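Overview (structure and organization)
Below, each chain spelled out in residue letters.
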Amino acid sequence: MSSVSAYYNGKTVLITGATGFMGKVLVEKLLRSSPDVKAVYILVRPKAGQSMQERVANMLKCKVFDRVREDCPNFHEKIKPINAELTQPKLAISAEDEEELLTRVNIVFHCAATVRFDEPLKHALQLNAMGTQRLLELAQQMQKLEAFIHISTAYANCVRKCIDEIIYPPPAEPKKLFDLVEWLDESIIQDITPKLLGDWPNTYTYTKALSEYLIQQEKGNLNIAIIRPSIVGASWHEPFPGWIDSFNGTSGIFVAAGKGILRTVIANNEAVADMIPVDVVINLTLAAGWYTAVHRPKNMLVYNCTTGGINPFFWGEMEQYVMSTFKRNPLEQAFRTPNAHLTSNYLINQYWITVSHKAPAILYDLYMRLTGRKPRMMKIINRLHKSMMLLQYFSTQSWDWSSDNMNMLMGQLNTEDKKLYNFDVRQLHWSEYIESYCLGAKKYLLNEDMSGIPAAKQHLRKLRNIRYAFNTTLLVIIWRIFIARSQMARNIWYFVPLPGGPPIPSNQQLWASESESSRKIHSLQLQPAFIVH
Ligand SMILES: CCCCCCCC/C=C\CCCCCCCC(=O)SCCNC(=O)CCNC(=O)[C@H](O)C(C)(C)COP(=O)(O)OP(=O)(O)OC[C@H]1O[C@@H](n2cnc3c(N)ncnc32)[C@H](O)[C@@H]1OP(=O)(O)O
Ligand SMILES: NC(=O)C1=CN([C@@H]2O[C@H](COP(=O)(O)OP(=O)(O)OC[C@H]3O[C@@H](n4cnc5c(N)ncnc54)[C@H](OP(=O)(O)O)[C@@H]3O)[C@@H](O)[C@H]2O)C=CC1
């Protein structure tokens, strides 16, 4: 008998960020594993011209709910959307909805956040830190609240190399910052952001660190747990292997590499790629919710939800597995043959950016212009470079996260719960996982059908032939330039018995141009790497 699923049956749950990548997996697993859960309130904002109702209807059509749709066809009746905006006072929840939440909710899962690394500080603060504070205020008034689970990130304290399951001093006093951004002009905040961030690499990790500290300061009597996942990847098993619907973290990089657009990445082959499947994070989150509510630990527990200390995996291995999968199962309409390499050398990376990113993009855009179409590759490449700049902080270093609480929690689960809410990452087989992740990105992120693989392979063969033809033409052009300028090259050329080769010149002709050409050959700057690799 599962204690965790039994606990959620009959309970009323509130989830923020339910429309996001992790939120959807949480809602799905909760409804599938505890079909008798009383109600799942989700805080949703209207967005992109869609009302809250339209957004929820679209969300429920998502493939991630296929399994629960089969198991419990009426699962949608349990979902109760509430109009909310976390950046607004009182979360912009109507008085009537607030009353409903205050009298009914038993457990809160707070997933909503902006995860963009380039989010302006003011907005990141308003959502990630102030939003969390407002939700806590609401939670304090909930009459039947048993547990509050906050999703943070393992990188909230990335300025440290060894990260324990404790709350560290914040980068700044949150309330002073709130005051500051309240009255300072937006452009001034932008100007002083690097100074405020200090050692923190971006506004995301900075505001996540602040929100952890705020929770510790203002938790009062609430039963709270903090979950800190590292880089969240596609699902391992549930609801089905490889499910992913977000380009964040490594997913966008995989797609760009699979499409043959990304050829060089700044990363340390030997650094740990601390990735964790989304279903593992959600299983741990639900188990932590149960443990927090039922066992009521005296101190607030922080769960580092990471793999590096338990089952380490390295960026170099990731490169191999990703490239091997996309070579065997290519993406449709690839720009070039997938062939991405990691390097920790800045100059080498810059060199390949010029030769293997920018030069092909310029040529392709020229071709688009000549054929009357809109050029777009350079724009994509520039965006990719911006992303890579922001991600390289994480791909060039390793961190040590302790995972004692994760192990402790595993020990608290009964045999059935260990299976139903499996978060034992020792069983994770990385090559199989990365293959299923890449195939999931193909199917669920790009909506490509597996039946299109033969055509995609055919397309890669066409690209290979174009590359051969291009390289041969380039070689001939370079050679012709040599021939025109170097007597030695001409001598070699004339000894190659090619059909249709040049006529054998007289000795006089051979000597005539030599002095001039031997001078010029030294000034020729040949770049053999322009030959596409
Ligand atoms: C051979 C392989 C080797 C692999 C080596 C890999 C090395 C990788 C290294 C290190 C990964 C480690 C990462 C650490 C993570 C920390 C963990 C966490 O705690 S939390 C979560 C992390 N959060 C993020 O990942 C946000 C990062 N993203 C951003 O901050 C922004 O997206 C940014 C600045 C990178 C780009 O911003 P923009 O404004 O240029 O673009 P935008 O708004 O994101 O996208 C515009 C549209 O393009 C789509 N898009 C994005 N990437 C795409 C792609 N690759 N292909 C196709 N479409 C894409 C998007 O879905 C979006 O579509 P629509 O407008 O919503 O419809
Ligand atoms: N993905 C990852 O690799 C990792 C994620 N995390 C953490 O996990 C949590 C979930 O991340 P993930 O699912 O990837 O993120 P997503 O960006 O996919 O989802 C974010 C969610 O927050 C909601 N949200 C954003 N702004 C507001 C707002 N102003 N008011 C109400 N809701 C809002 C979004 O709603 P809407 O649909 O309206 O935009 C969406 O539901 C975050 O707290 C993140 O920090 C931690 C480590 C790694």
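No experiment lies behind these values; they were computed from the predicted model shown.

Things to note about the overall build of the protein chain
On a plain count of helices and strands, the protein chain comes out with 21 helices and 13 strands. Counting only C-alpha atoms and orienting by the principal axes, one finds that the protein chain spans roughly 105 × 50 × 45 Å. In the protein chain, which comprises 533 residues, the share counted as buried stands at 53%. When contacts within the protein chain are restricted to residue pairs at least 6 apart in sequence, those whose partners lie at least 24 apart make up 83%. For the protein chain, the computed accessible surface area is about 25100 Å², with 54% contributed by carbon and sulfur atoms. Looking at charge distribution, the protein chain has the averaged site of its 58 positive side-chain charges lying 9 Å from that of its 48 negative ones.

Considering helix α10 (residues 251-258)
Counted residue by residue, α10 has 8 buried out of 8 residues, so it is predominantly covered. Among the residues making up α10, those that are buried are Ser251, Gly252, Ile253, Phe254, Val255, Ala256, Ala257 and Gly258. Those residues of α10 hidden inside the fold are in contact with β10 (275-277), α12 (315-328), α14 (377-395) and α17 (430-445). After α10 finishes, the residue Gly260 shows a positive phi value of roughly 80°.

Examining the sheet that holds strand β7 (residues 224-229)
Strand order in the open sheet formed by 7 strands is β3-β2-β1-β4-β5-β7-β11, with parallel pairing between adjacent strands. Each of the sheet's edge strands pairs with one partner strand only, and the pair in question is β3 (79-83) and β11 (301-305). Averaged over all adjacent pairs, the angle separating strand axes in this sheet is 20°, with direction ignored. Pairing of strand β4 (residues 107-110) with strand β5 (residues 147-151), which is carried by 4 bridges, proceeds in the parallel orientation. In the sheet register, Ile107 faces β5, and the bridge partner there is Ala147. Lying over the sheet, helix α5 (residues 95-104) contacts β1 (12-16), β2 (39-44) and β3, oriented at roughly 140° with respect to β2.

Thoughts on the site of ligand 1
Neighbouring ligand 1 are 27 residues; Arg116, Phe117, Thr153, Gly249 and Arg383 lie closest to it. Arg116 has a polar side-chain atom sitting 2.8 Å from an oxygen atom of ligand 1. For ligand 1, an oxygen atom lies 3.1 Å from a polar atom in the side chain of Tyr204. Among the secondary structure elements, those contributing two or more residues to the shell around ligand 1 are α10, α12 and α14. When residues in the shell around ligand 1 are grouped by element, the largest group, 7 residues, is from α14. Residue classes in the shell around ligand 1 are distributed as 16 nonpolar, 7 polar and 4 charged.

Some thoughts on the confidence of the model for the protein chain
Across the protein chain, pLDDT averages 91, with 93% of residues at or above 70. Contacts for the low-pLDDT stretch residues 510-532, under 50 throughout, to residues beyond four places or in other chains number 30 contacts. Overall fold confidence for the complex sits at a pTM of 0.90, while the interface term, ipTM, reaches 0.91.

Section: the state of the cysteines
A complete count under the given rule lists 0 disulfides for this structure. For Cys111, which is in no disulfide, the shortest distance to another cysteine sulfur is to Cys305 and amounts to 12 Å. A relative accessible area of 16% places Cys111 in the buried class.

Regarding unusual backbone geometry
In this model, Glu238 is joined to Pro239 through a cis peptide bond whose omega is -5°. The phi dihedral of Lys90 falls on the positive side, at around 55°, and the residue is not glycine. The exposed category is assigned to Lys90, whose relative accessible area is 58%. A positive phi angle is found at Asn447, which is not glycine, with a value near 55°. Tracing the chain through its elements places Asn447 in the loop between α17 and α18 (453-485). Accessibility expressed as a relative area gives 66% for Asn447, which makes it exposed.

Some thoughts on the UniProt feature "domain: Fatty acyl-CoA reductase C-terminal" (unreviewed entry) in the protein chain
Following the UniProt record, the feature "domain: Fatty acyl-CoA reductase C-terminal" (unreviewed entry) maps to residues 357-448 here. Spanning residues 357-448, this segment combines 70% helix with 2% strand, and its end C-alpha atoms are found 24 Å apart.

So, the site of ligand 2
Around ligand 2, 25 residues are found, and the nearest of them are Thr19, Arg45, Arg55, Glu85 and Tyr204. Residue Lys47 places a side-chain N or O atom 2.8 Å away from an oxygen atom belonging to ligand 2. Val232 is positioned such that a nitrogen or oxygen atom in its backbone is 3.1 Å from an oxygen atom of ligand 2. Here ligand 2 has 890 Å² of accessible area as a free molecule, and 90% of this is covered by the chains. Elements that contribute at least two residues to the shell around ligand 2 include exactly α2 (21-33) and α9 (203-218).

Cut-offs and rules
Residues numbered from 1 in each chain as written. Chains lettered and ligands numbered in written order. Predicted model: local features only at pLDDT ≥ 70, side-chain atom pairs only at ≥ 80, totals over all residues. Heavy atoms only, no water. Helix = DSSP H or I, 4+ residues; strand = E, 2+ residues; numbered from the N terminus. Buried < 20%, exposed > 50% of the residue type's maximum accessible area, 1.4 Å probe, protein only. Contact = heavy atoms within 4.5 Å. Areas by Shrake-Rupley, 256 points an atom, 1.4 Å probe, with all protein chains shown as cover. Lys, Arg positive; Asp, Glu negative; His and termini not counted. Charge placed at Lys NZ, Arg CZ, Asp CG, Glu CD. Pairing = 2+ DSSP bridges. Axes fitted to C-alpha atoms, helices over the stretch in contact; angles between N-to-C directions. Near = heavy atom within 4 Å. Polar contact = N/O pair within 3.5 Å; in protein donor to acceptor, adjacent residues only side chain to side chain. Nonpolar A, V, L, I, M, F, W, Y, C, P; charged D, E, K, R; others polar. pLDDT = per-residue confidence, 0-100. Disulfide = S-S within 2.5 Å. UniProt positions renumbered as here; feature names shortened; annotations may be inferred.

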